[in-house]
Amino acid sequence: LPAPAPASSDGQRAWATAMCSSRPFRLPARAEGRGGRTAFVPFLDMANHAASPNCEVQGAGGAPGAFEAVALVATRSLDAGEEALISYGGTATHAALFSGFGFAPAESRSDRLEPLPAGLAPLSG
């Protein structure tokens, strides 16, 4: 019989849940049925989001329903030092980006009240 898993603390379980929730990457779907799957792709999750990205994620090779390799590929020539940006979801709403990735785009005017209505006190500070 396999040995039982070592005991873990609440903090370790919380960390593992956060990693599994925030680190997976949705691979692109392909015409022949490959892709459209969620996977852990080291370092790819560190690419920032842009509404107009200059890179995309591409998968290649592998058995049906799988990729043998995944790469971050520039969609145009990038200048030296230019940040590689991907889209976290071209049709994702700001609410979906916030709940799935923890941010709303800075250019979003629909995610805040400006100015505060007269007589309404701020909730903080």
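Throughout what follows, the structure given in this document is the object of discussion. Remember, predicted model here, so these are calculated numbers, not experimental data. (Residues numbered from 1 in each chain as written. Predicted model: local features only at pLDDT ≥ 70, side-chain atom pairs only at ≥ 80, totals over all residues. Heavy atoms only, no water.)

Looking at the overall build of the protein chain
Turning to step 1, where the next piece is worked out: Across its full length, the protein chain holds two helices and six strands.
Turning to step 2, where the next piece is worked out: Across the protein chain, helices and strands are ordered from the amino to the carboxyl terminus as α-β-β-β-β-β-β-α.
Turning to step 3, where the next piece is worked out: A separation of at least 24 residues holds for 43% of the contacts in the protein chain among residues at least 6 apart in sequence.
Turning to step 4, where the next piece is worked out: If you sum the accessible surface of the protein chain, you get close to 9,300 Å²; carbon and sulfur atoms cover 60% of it. (Helix = DSSP H or I, 4+ residues; strand = E, 2+ residues; numbered from the N terminus. Contact = heavy atoms within 4.5 Å. Areas by Shrake-Rupley, 256 points an atom, 1.4 Å probe, with all protein chains shown as cover.)

Notes on the environment of Gly59
Turning to step 1, where the next piece is worked out: Structurally, the position occupied by Gly59 is in strand E4 (residues 55–60).
Turning to step 2, where the next piece is worked out: Here the alpha-carbon distance between Gly59 and Ala71, two residues twelve residues apart in the chain, equals 6.4 Å.

What to know about the pairing of E4
Turning to step 1, where the next piece is worked out: Burial along E4 is one-sided: the face carrying Cys55, Val57 and Gly59 is buried and the face carrying Glu56, Gln58 and Ala60 is not.
Turning to step 2, where the next piece is worked out: Pairing between E4 and strand E5 (residues 69–74): six bridges, direction antiparallel. From the neighbouring strand, Gln58 faces E5, where its bridge partner is Ala71. (Buried < 20%, exposed > 50% of the residue type's maximum accessible area, 1.4 Å probe, protein only. Pairing = 2+ DSSP bridges.)

What about the environment of Ala95?
Turning to step 1, where the next piece is worked out: Summarising the element assignment, Ala95 is placed in helix H2 (residues 94–101).
Turning to step 2, where the next piece is worked out: Under the relative-accessibility criterion, Ala95 is labelled exposed at 54%.
Turning to step 3, where the next piece is worked out: When the C-alpha positions of Ala95 and Pro105 are compared, they lie 9.8 Å apart, and in sequence the two are ten residues distant.

Here's the deal with the pattern of salt bridges
Turning to step 1, where the next piece is worked out: Applying the stated rule across the entire model yields two salt bridges.
Turning to step 2, where the next piece is worked out: Notably, a salt bridge pairs Asp10 with Arg13, separated by 2.3 Å at the nearest N-O pair. Note that Asp10 and Arg13 are positioned in helix H1 (residues 10–22) at a spacing of three residues, about one turn of the helix.
Turning to step 3, where the next piece is worked out: Residue classification places Asp10 among the exposed residues on the basis of a relative accessible area of 60%.
Turning to step 4, where the next piece is worked out: Note that Glu82 and Arg76 form a salt bridge whose closest N and O atoms lie 2.5 Å from each other.
Turning to step 5, where the next piece is worked out: Judged by relative accessible area, Glu82 falls into the partly exposed class, the value being 28%.
Turning to step 6, where the next piece is worked out: For Arg76, a relative accessible area of 43% gives the class partly exposed. (Salt bridge = Lys/Arg side-chain N within 4 Å of Asp/Glu carboxyl O.)

Remarks on the side chain of His49
Turning to step 1, where the next piece is worked out: Here His49 is to be found in strand E3 (residues 48–49).
Turning to step 2, where the next piece is worked out: A polar atom in the side chain of His49 sits 3.0 Å from the backbone nitrogen of Tyr88.
Turning to step 3, where the next piece is worked out: With near-sequence residues (within four places) excluded, His49 lies in contact with Leu85, Ile86, Ser87, Tyr88, Leu97 and Phe103. (Polar contact = N/O pair within 3.5 Å; in protein donor to acceptor, adjacent residues only side chain to side chain.)

A few points about the side chain of Asn54
Turning to step 1, where the next piece is worked out: Mapped onto the fold, Asn54 is located in the loop between E3 and E4.
Turning to step 2, where the next piece is worked out: Judged by relative accessible area, Asn54 falls into the buried class, the value being 3%.
Turning to step 3, where the next piece is worked out: Reaching out from Asn54, the side chain makes a polar contact with the side chain of Glu82 at a distance of 3.4 Å.
Turning to step 4, where the next piece is worked out: The residues touching Asn54, leaving out its near neighbours within four places in the chain, are Val73, Ala74, Thr75, Arg76, Leu78, Glu82, Glu83, Ala84 and Leu85.

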